[in-house]
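# Reading the structure
Read off the chains here:
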Amino acid sequence: MSEEITRLEQFRRTHNHTYESLGKLLGVRGPTAWRYCLPPDHERHQAPAQSVRARLLKATNGECDMSNFDDLFEASPDNGGVNEQTLA
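Now for a look at the structure at hand.

Criteria and cut-off values
- Residues numbered from 1 in each chain as written.
- Predicted model: local features only at pLDDT ≥ 70, side-chain atom pairs only at ≥ 80, totals over all residues.
- Heavy atoms only, no water.
- Helix = DSSP H or I, 4+ residues; strand = E, 2+ residues; numbered from the N terminus.
- Buried < 20%, exposed > 50% of the residue type's maximum accessible area, 1.4 Å probe, protein only.
- Contact = heavy atoms within 4.5 Å.
- Areas by Shrake-Rupley, 256 points an atom, 1.4 Å probe, with all protein chains shown as cover.
- Core = buried A, V, L, I, M, F, W, Y, C linked by side-chain atoms within 4.5 Å.
- Disulfide = S-S within 2.5 Å.
- Polar contact = N/O pair within 3.5 Å; in protein donor to acceptor, adjacent residues only side chain to side chain.

## Observations regarding the overall build of the chain
Tallying secondary structure elements over the chain gives 4 helices and 3 strands in all. Listing each helix as α and each strand as β along the chain from the N terminus yields β-α-α-α-α-β-β. Scored against the burial criterion, the 88 residues of the chain give a buried share of 39%. Contacts in the chain between residues at least 24 apart in sequence constitute 51% of all its contacts with a sequence separation of at least 6. About 5400 Å² of surface is accessible on the chain, with carbon and sulfur atoms providing 47% of the total.

## Re the nonpolar core
Of all hydrophobic cores here, the largest spans 14 residues; its most connected members are Leu8, Leu22, Leu26, Val28, Tyr36, Leu56 and Cys64. Val28 has contacts with Gly23, Ala33, Tyr36 and Val52, leaving out every residue within four places of it along the chain.

## Overview of the state of the cysteines
Evaluation of the coordinates by the stated rule reveals 0 disulfides. No disulfide involves Cys37; its sulfur sits 8.4 Å from the nearest other cysteine sulfur, which is in Cys64. For Cys37, a relative accessible area of 3% corresponds to the buried category. Judged by relative accessible area, Cys64 falls into the buried class, the value being 0%.

## Looking at the environment of Glu63
Structurally, Glu63 can be placed in the loop between helix H4 (53–59) and strand S2 (72–76). Along the backbone, Glu63 and Phe11 are 52 residues apart, and their C-alpha atoms lie at a distance of 7.7 Å. When residues no more than four places from it in sequence are discounted, the contact partners of Glu63 are Arg7, Phe11, His15 and Asn68. Here His15 takes part through its side chain, which lies 3.4 Å from a polar atom of the side chain of Glu63.

Given below as C-alpha cells:
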C-alpha cells in the first residue's frame, strides 16, 4: 500500500524534521507547517504565504519553492522511501 505525499512532506521526512522543526525553519508554527505538507486536495491544506517564499527556498536548499512544494509523489511504507516520479 502506498500513499501520496507532497514534495515538502518528502523533504521533511528525508531530513528527519518534525512539523515543529520544519515550522521553525520556515518561520511558522508547527501546525501551519503540517498544513503546508498536506496534499493540495486535503481540506486542511494551506499554501504558504508569499512572505514565506524566500524562507522556503533557503530552508530546503532549493528543493522546494512556491511552484513545486505541493507536487505529489508516491511514498511506500514497504521500502520506507519515496518514489522520485511525480504523480500525474
